[in-house]
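Summary of structural features
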Amino acid sequence: MGDQALRDLRPQAQAVVERVAIYFTGQVQKTLSGKRTGRIYRVSRTGRLHQASAPDEPPAVLTGRLRQSIAWTPPKWEGNTVSSEVGTNVVYARRLEYGGVDSRGVKILKRPYWAPTILRISGAVGRLFETL
């Protein structure tokens, strides 16, 4: 493919990458929503009942902080490659995805939300890239 053809495709490629980033962000947030099947307990700060997630289920929403933190970056170019990132700045996000030990020393079993989202939407994302 010639240089001019690559230059002509850049706006389309950038638009598709941006659409995928926005779509993926929304789908991760969707995965982090809904009912869970874990234990029910009373939240000490509010006195409200909360149903936690069971291991291997996406985390249950208590405050919404993790779900609200899922964000994407505008597409950027490096040579002929365009990319965008979807992620979170919440420090406990990785521990929820893969399991680990929290700040109190309590073992947390994994509550994956990235991997199930990727599996669920891979076909739709592939179709978006086919529009190029």
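Residues numbered from 1 in each chain as written. Predicted model: local features only at pLDDT ≥ 70, side-chain atom pairs only at ≥ 80, totals over all residues. Heavy atoms only, no water.

Looking only at helices and strands, the protein chain features four helices and eight strands. For the protein chain, the succession of helices and strands along the chain, N to C, is α-β-β-α-β-β-β-β-α-β-β-α. Scaling as 2.2 N^0.38, a compact globule of 132 residues should have a C-alpha radius of gyration of about 14 Å, whereas the protein chain reaches 19 Å, well beyond that. Summarising its shape, the C-alpha atoms of the protein chain cover approximately 65 × 25 × 25 Å along the three principal directions. The burial tally for the protein chain puts 31% of its 132 residues in the buried class. Per element, the accessible surface of the protein chain, about 8,700 Å² overall, is 54% carbon and sulfur. Here the protein chain contributes 21 positive and 10 negative side-chain charges, whose respective centroids are spaced 14 Å apart. (Helix = DSSP H or I, 4+ residues; strand = E, 2+ residues; numbered from the N terminus. Rg over C-alpha atoms; globule rule 2.2 N^0.38 Å. Buried < 20%, exposed > 50% of the residue type's maximum accessible area, 1.4 Å probe, protein only. Areas by Shrake-Rupley, 256 points an atom, 1.4 Å probe, with all protein chains shown as cover. Lys, Arg positive; Asp, Glu negative; His and termini not counted. Charge placed at Lys NZ, Arg CZ, Asp CG, Glu CD.)

Another aspect to go through is helix α4 (residues 114–129). At I121, α4 shows its largest bend, some 55°. Every buried residue of α4 is accounted for by W114, T117, I121 and V125. Tucked inside the fold, the buried residues of α4 contact α1 (3–31), β6 (86–87) and α3 (93–98). (Bend = angle between axes of the 7 residues up to and from the residue. Contact = heavy atoms within 4.5 Å.)

The next subject is the environment of E130. Here E130 is to be found in the segment after α4. The exposure class assigned to E130 is exposed, which follows from its relative accessible area of 63%. In sequence terms E130 and V16 are 114 residues apart; their C-alpha atoms lie 9.4 Å from each other.

The next point concerns the packing of aromatic side chains. Applying the stated criterion to the full structure yields two aromatic pairs. A ring pair is formed by F24 and W114, whose centres lie 5.5 Å apart and whose planes are at 50°; its orientation type is tilted. Taken together, the positions of F24 in helix α1 and W114 in helix α4 put the pair 90 residues apart, joining distant regions of the chain. Overall, the relative accessible area of 17% leaves W114 in the buried class. (Phe/Tyr/Trp six-rings, centres within 6.5 Å; stacked < 30°, edge-to-face > 60°.)

Let's shift gears to the pattern of salt bridges. Taken as a whole and judged by the stated rule, the model has two salt bridges. Linking D102 and R104 is a salt bridge whose minimum nitrogen-to-oxygen distance equals 2.6 Å. (Salt bridge = Lys/Arg side-chain N within 4 Å of Asp/Glu carboxyl O.)

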